[in-house]
Amino acid sequence: MKKLTYNLLTRWRFDAPADRVWSLIYNAEALAGHWPGIRRFHILNIEEGLKAGCRIAVRVKSLPGDLDFMLEVTEVEPGRRLALVCSGDLQGEGHWMVEERDGATLSEFSWNVATTEWFMNILGLLLKPLLIRSHDRTMAHGYEVLSEWLKQPLVATQMSR
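Presented here is a report on the structure given in the accompanying data block. Numbers given for residues are sequential positions, taken from 1 along each chain in its written order. Owing to the predicted nature of the model, reporting of local features is limited to residues with pLDDT of at least 70; listing and counting of side-chain atom pairs is limited to 80 or more, with chain, interface and lining totals taken over all residues. Water and hydrogen atoms were dropped before computing side-chain values, which therefore reflect all heavy atoms in the structure.

**Focus: the pairing of strand 1 (residues 4–14)**
Then, number 1: Partly exposed residues are those whose accessible area sits between 20% and 50% of the maximum for their type, while under 20% is buried and over 50% is exposed, using a 1.4 Å probe and protein chains only. Helical segments are the DSSP runs of H or I of at least four residues, strand segments are the runs of E of at least two, and each set is numbered from the N terminus. Here strand 1 shows a buried face lined by Leu4, Tyr6, Leu8, Thr10, Trp12 and Phe14 and an unburied face lined by Thr5, Asn7, Leu9, Arg11 and Arg13.
Then, number 2: By the convention used here, strands pair only if DSSP detects at least 2 bridges between them. As judged from the eleven bridges shared by strand 1 and strand 7 (residues 104–115), these two strands associate in the antiparallel manner. Across the sheet, Tyr6 pairs through a bridge with Val113, a residue of strand 7.

Quick look at the structure:
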């Protein structure tokens, strides 16, 4: 059966400096625990930092059942852009860009993926608009979480070794 593809685009606007927004994206593992719909987000080689080659194990809630996939960072422009490829229940690529403009920060996440499991492809034929809305709802929750975190004062942290 042919894989079902999804081309998704999420745009956010924050009244916060771009470096502050980027720091939350860069430290996504801490953020993910507060993001409804994300069941697991574990950076496998965090000691090396978020850079090309970094791998992240992800599980997200989906209507028919959880999706498990692996993200691999392929490119990082610090403070500006993150490129990813994914494999597993989802296969494809994504880009997360951050740009400060007119006193605000614009964030854009594009996700071009296909479902690999036969049941997701069959269900997608019937429920694709509903599955897209589910993704949009998860991303809306993420926007709420990031917005709340951006309201918090900066706290200096130190990594334990």
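**Remarks on unusual backbone geometry**
If a residue is not glycine, its phi is most likely negative; likewise, a peptide bond is most likely trans.
Then, number 1: Phi is positive for Asp102, close to 55°, though the residue is something other than glycine.
Then, number 2: Looking at where Asp102 falls in the secondary structure, it is placed in the loop between strand 6 (90–101) and strand 7.

**Thoughts on the pattern of salt bridges**
Then, number 1: When a carboxyl oxygen of Asp or Glu is within 4 Å of a side-chain nitrogen of Lys or Arg, the pair counts as a salt bridge. Counted according to the given criterion, the structure contains eight salt bridges.
Then, number 2: In this structure, Arg11 and Glu108 form a salt bridge, with 2.8 Å as the shortest nitrogen-oxygen distance. You can see Arg11 sitting in strand 1 and its partner Glu108 sitting in strand 7, a full 97 residues away along the chain.
Then, number 3: Taking relative accessible area as the criterion, Arg11 reaches 60% and is therefore assigned exposed.
Then, number 4: With a relative accessible area of 23%, Glu108 lands in the partly exposed category.

**Overview of the sheet that holds strand 7**
Two modes of strand pairing occur in sheets, parallel and antiparallel, and in both the strands are linked by backbone hydrogen bonds.
Then, number 1: Taking strand neighbours across the sheet as the criterion, the seven strands line up as 1-7-6-5-4-3-2 in an open arrangement whose pairing is antiparallel. The strands lining the two open edges of the sheet, one partner per strand, are strand 1 and strand 2 (38–43). Neighbour-to-neighbour, the strand axes of the sheet open up by a mean angle of 20°, direction not taken into account.
Then, number 2: Lying over the sheet, helix 1 (residues 18–26) contacts strand 1, strand 4 (67–77), strand 5 (81–88), strand 6 and strand 7, oriented at roughly 155° with respect to strand 6.
Then, number 3: Along the sheet, helix 3 (residues 118–151) makes contact with strand 1, strand 4 and strand 7, crossing strand 1 at roughly 20°. Each axis is a line fitted through C-alpha atoms, and for a helix only the stretch in contact is used; angles between axes span 0 to 180 degrees, taken between their N-to-C directions. Whether two residues are in contact is decided by their heavy atoms, any of which lying within 4.5 Å being enough.

**Description of empty space enclosed by the protein**
Then, number 1: A 1.4 Å probe that fits into a set of points on a 1 Å grid over the protein atoms alone but cannot get out defines a cavity; an open set with protein on both sides within 12 Å along at least five of seven lines defines a pocket, and lining residues are those with an atom within 4 Å of a point. Grid points are joined across faces, edges and corners, and a volume is the space filled by probe spheres set on the points. On inspection of all chains with the given rule, the structure shows one cavity of 30 Å³ or more.
Then, number 2: The volume enclosed by the largest cavity comes to roughly 680 Å³.
Then, number 3: If you go around the largest cavity, you meet 37 residues; those closest to its centre are Val60, Phe69, Trp111, His135 and Met139.
Then, number 4: A breakdown of the residues in the lining of the largest cavity according to their chemical character gives 31 nonpolar, five polar and one charged. By the convention adopted, Pro, Cys, Tyr, Trp, Phe, Met, Ile, Leu, Val and Ala count as nonpolar, Lys, Arg, Asp and Glu as charged, and the other residues, Gly among them, as polar.

**A closer look at the packing of aromatic side chains**
Then, number 1: Two aromatic rings, drawn from Phe, Tyr or Trp (for Trp, its six-membered ring), form a pair once their centres lie within 6.5 Å of each other, and the interplanar angle then sorts them: stacked below 30 degrees, edge-to-face above 60, tilted otherwise. All told, the structure shown has nine aromatic pairs when counted by the stated rule.
Then, number 2: When the centroid spacing of 5.9 Å and the interplanar angle of 80° are considered together, the rings of Trp12 and Phe14 count as edge-to-face.
Then, number 3: On the basis of an interplanar angle of 50° and a centroid distance of 5.8 Å, the ring pair of Trp12 and Tyr143 is categorised as tilted. Taken as a pair, Trp12 in strand 1 and Tyr143 in helix 3 lie far apart in primary sequence, 131 residues in all.
Then, number 4: In this structure an aromatic cluster arises from ring pairing among Trp12, Phe14, Trp35, Phe69, Trp96, Phe109, Trp111 and Tyr143.
Then, number 5: Think of it as a cone above the ring: NZ of Lys or CZ of Arg counts as a charge over the ring if it is within 6 Å of the ring centre and within 35 degrees of the ring normal. The aromatic ring of Tyr6 is capped on one face by Lys128, whose charged end is 4.9 Å from the ring centroid.

**Some remarks on the environment of Val60**
Then, number 1: When you line up the elements, Val60 lands in strand 3 (residues 55–60).
Then, number 2: Note: C-alpha distance between Val60 and Glu108 (48 residues apart in sequence) is 20 Å.

**Overview of the packing of helix 1 against helix 3**
Then, number 1: Where helix 1 meets helix 3, the closest approach of the two axes is 11 Å, and the angle between their N-to-C directions is 120°. Regarding the angle of helix 1 to helix 3, the classification is oblique. As for the relative orientation of helix 1 and helix 3, their crossing is right-handed in sense. Within the contact between the two elements, helix 1 uses Arg20, Val21 and Leu24 and helix 3 uses Leu146, Trp149 and Leu150.
Then, number 2: Among the residues making up the contact of helix 1 with helix 3, the classes are represented as five nonpolar, no polar and one charged. Our angle categories are set so that under 35 degrees counts as roughly parallel, over 145 as roughly antiparallel, 65 to 115 as roughly perpendicular, and the remainder as oblique. Note on convention: near helix rotated counterclockwise from far helix by under a right angle means a left-handed crossing. Clockwise means right-handed.

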